[in-house]
Amino acid sequence: MRYKVAPPARSLDFLRTARTAIPLVPDDKADCCAAIQRATDVDNREQARSYLTFLQALGQ
């Protein structure tokens, strides 16, 4: 699978924080993008989605 999303470069600490904000097993009500926004300084959903996709590509 190929991913075309490349969010702005951030620190490893940021990526760890974003990763821990995402539930391991999301349910129907889980909003992973909102969770990333709450846990980090990402201020819009589109950018949160790009980090979510990036973390998925890393196998996180």
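Our subject is the structure that appears above.
Only a predicted model underlies this, so the values are computations on that prediction, with no experimental measurement involved.

Between helix H1 (residues 12–21) and helix H3 (residues 45–57), the shortest axis-to-axis distance is 11 Å and the interhelical angle comes to 95 degrees. With respect to their mutual orientation, H1 and H3 come out roughly perpendicular. Residue-level contacts link Phe14, Leu15, Ala18 and Arg19 of H1 to Tyr51, Phe54 and Leu55 of H3.

Turning our attention to the environment of Ile22. Tracing the chain through its elements places Ile22 in the loop between H1 and helix H2 (32–39). Taking C-alpha positions, Ile22 is 22 Å from Arg2, a pair spaced 20 residues apart along the chain. If sequence neighbours within four positions are ignored, Ile22 has contacts with Cys32, Ile36, Leu52 and Leu55.

All right, on to the pattern of salt bridges then. In the structure shown here, the tally under the stated rule is three salt bridges. The salt bridge partner of Asp41 is Arg10, with a shortest N-O separation of 2.6 Å. Of this pair, Asp41 sits in the loop between H2 and H3 while Arg10 sits in the segment before H1, and the two are 31 residues apart along the sequence. Using a relative accessible area of 32% as the deciding quantity, one classes Arg10 as partly exposed. In this structure, the salt-bridge partner of Arg16 is Asp13, at a minimum N-O distance of 3.1 Å. In this pair, Arg16 and Asp13 are both assigned in helix H1, three residues apart and thus about one turn of the helix distant.

About the thresholds
Just so you know, the residues in each chain are numbered from 1, in the order the chain's sequence is written. In keeping with the predicted nature of the model, local features appear solely for residues at pLDDT of at least 70, side-chain atom pairs appear and are counted solely at 80 or more, and the whole-chain, interface and lining totals rest on all residues. Side-chain numbers here rest on the full set of heavy atoms in the structure, without hydrogens or water. The angle between two axes is taken between their N-to-C directions and runs from 0 to 180 degrees, where each axis is a line fitted to C-alpha atoms and a helix contributes only its stretch in contact. Put simply, DSSP H or I for four residues or longer makes a helix, DSSP E for two residues or longer makes a strand, and each gets a number counted from the N terminus. In this scheme, roughly parallel covers angles under 35 degrees and roughly antiparallel covers those over 145, while 65 to 115 is roughly perpendicular and the rest are oblique. Any two residues whose heavy atoms approach within 4.5 Å are treated as being in contact. Here, a salt bridge means any side-chain nitrogen of Lys or Arg that lies within 4 Å of a carboxyl oxygen of Asp or Glu. Each residue gets one of three labels from its accessible area relative to the maximum for its type: buried under 20%, exposed over 50%, partly exposed in between, using a 1.4 Å probe on protein chains only.

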